[in-house]
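Analysis of the macromolecular model
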Amino acid sequence: MTTASTTLPGGTWNLGDRTVTRFGYGAMQLAGPWVMGPPADRDGAIAVLREAVAQGVTHIDTSDAYGPRVTNELIREALHPYPGSVLIATKVGANRDAEGGWPTARTPEDLRKQVHENLESLGAERLDLVNMRMGDANGPQPGSIAEAMETLAGLQQEGLIGQLGVSNVTAEQVAEARTVTSIVCVQNMYNLANRWDDHLIDSLAADNIAYVPFFPLGGFTPLQADALTAVATRLEATQMAVALAWLLQRSENILLIPGTSKVAHLRENITGASLSLTAQDVAELDNINS
Ligand SMILES: NC(=O)c1ccc[n+]([C@@H]2O[C@H](COP(=O)([O-])OP(=O)(O)OC[C@H]3O[C@@H](n4cnc5c(N)ncnc54)[C@H](OP(=O)(O)O)[C@@H]3O)[C@@H](O)[C@H]2O)c1
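Here is a short report on the structure shown in this document. Throughout, residues of each chain are indexed from 1 in the direction in which the sequence is written. Local features in a predicted model are, by the rule used here, given only for residues with pLDDT of at least 70; side-chain atom pairs are given and counted only at 80 or more, and totals for whole chains, interfaces and linings are based on all residues. Side-chain metrics rest on all non-hydrogen atoms present in the structure, leaving aside hydrogens and water.

Concerning helix α2 (residues 70–79)
Residues spaced three or four apart along an α-helix point in a common direction, a consequence of the helix completing one turn every 3.6 residues. Relative accessibility decides the category of a residue: with a 1.4 Å probe and only protein chains considered, values under 20% of the type maximum give buried, values over 50% give exposed, and everything between is partly exposed. Helix and strand assignments follow DSSP, with helices taken as H or I runs no shorter than four residues and strands as E runs no shorter than two, numbered in order from the N terminus. When you tally the buried positions in α2, you get seven out of 10 residues, the bulk of the element. Every buried residue of α2 is listed here: V70, T71, N72, L74, I75, A78 and L79. Tucked inside the fold, the buried residues of α2 contact α1 (42–54), β4 (59–61), β5 (87–92) and α3 (108–122). We call two residues in contact whenever any of their non-hydrogen atoms come within 4.5 Å of each other.

Dropping the structure here:
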């Protein structure tokens, strides 16, 4: 499949030796309700993935735990054989149980198994980027990440993984991971209304490490704030556009992976993220968290 030469908002970022568009796509919402089972609209899900690549997106975020296996298999069906420009980032560290829970699974054996499962469901010989996901539904939790990173670095040495990142982590875990091996990104929850990683983002930027906010639009609960409504109304833009444009302007090392199950929303978000915010707009939006 061919990719477009369209210039997406935000330009590009170098993730290690790979260049990706800062406007990426998060595939989690393609699975069924609460990220379990097949999508309500399978053809629509395939269409969204193909449209993302046709629009020039070269960073797609997934996990074999989405569905489970559902999202990876959709990506394979929609995009395989993968264009060389497209980087697929997956994550390991949790399984799914029958109730839809996300039980932790991060022993060396668990991680090796998950890497092989991702290779199989994506139909890949090597995973472009693997994020070690710590924490749980309540966010990052304290605890050592060293053994997990040693295991993944070993699998990288074997040629099964291109690059490594970490997800749902504390700043201490980021620092500990970096004592074990090189990482190219940190993927944590962050958006206009949830800014506890502000300091971490700035320190990663100084070290040329990407920060990939998950739930950029609020995730399962859309972002709501008076200042967001006010700025969006004044700019005659959607709240999603303002939220994405704010992230792109917040720091060069921020890579977007907004999720959607609809082609129309994907197109809207691409157009919306190119919105230019003035210093006054940004100051009003910054107050949301103060
Ligand atoms: N590392 C982790 O632990 C972790 C955790 C969660 C997520 N993630 C990753 O982060 C990605 C992004 O998170 P997310 O997808 O859950 O949340 P999100 O991007 O904040 O929001 C997605 C939601 O916004 C809606 N939406 C998107 N564009 C819209 C538009 N233009 N108009 C109206 N509604 C719109 C989507 O609904 P429609 O489908 O109707 O468009 C969907 O319900 C995920 O896809 C996943 O890859 C990682």
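Considering the environment of E284
For E284, the position within the fold is in helix α10 (residues 279–286). Residue classification places E284 among the partly exposed residues on the basis of a relative accessible area of 22%. In this structure, the C-alpha to C-alpha distance between E284 and A230, residues 54 residues apart in sequence, is 9.0 Å. Look past the residues within four positions of E284 in its chain and what remains in contact with it is A227, A230, V231 and R234. A polar atom in the side chain of E284 sits 3.0 Å from the side chain of Q280. We call two N or O atoms a polar contact when they sit within 3.5 Å, provided that within protein one can donate a hydrogen and the other can accept it, with sequence-adjacent residues counted only if both atoms are side-chain atoms.

As for the pattern of salt bridges
We count a salt bridge whenever a side-chain nitrogen from Lys or Arg sits within 4 Å of a carboxyl oxygen from Asp or Glu. Following the criterion strictly, the structure yields 16 salt bridges and no others. The salt bridge partner of K113 is E117, with a shortest N-O separation of 3.1 Å. Taken together, the positions of K113 and E117, both in helix α3 and four residues apart, correspond to about one turn of that helix. The residue E284 makes a salt bridge to R234 at a minimum N-O spacing of 3.1 Å. Of this pair, E284 sits in helix α10 while R234 sits in helix α7 (residues 226–235), placing them 50 residues apart in sequence.

Observations concerning the pairing of β5
Counted residue by residue, β5 has six buried out of six residues, so it is predominantly covered. Because side chains alternate across β5, one face comprises the buried residues L87, A89 and K91, and the other comprises I88, T90 and V92, equally buried. Whether a crossover is right-handed depends on one test, that the path from the first strand over the helix to the second runs clockwise when the strands point away from the viewer. Viewed along the sheet, the connection from β5 through α3 into strand β6 (residues 127–133) turns out right-handed.

In short, geometric facts, not functional conclusions.
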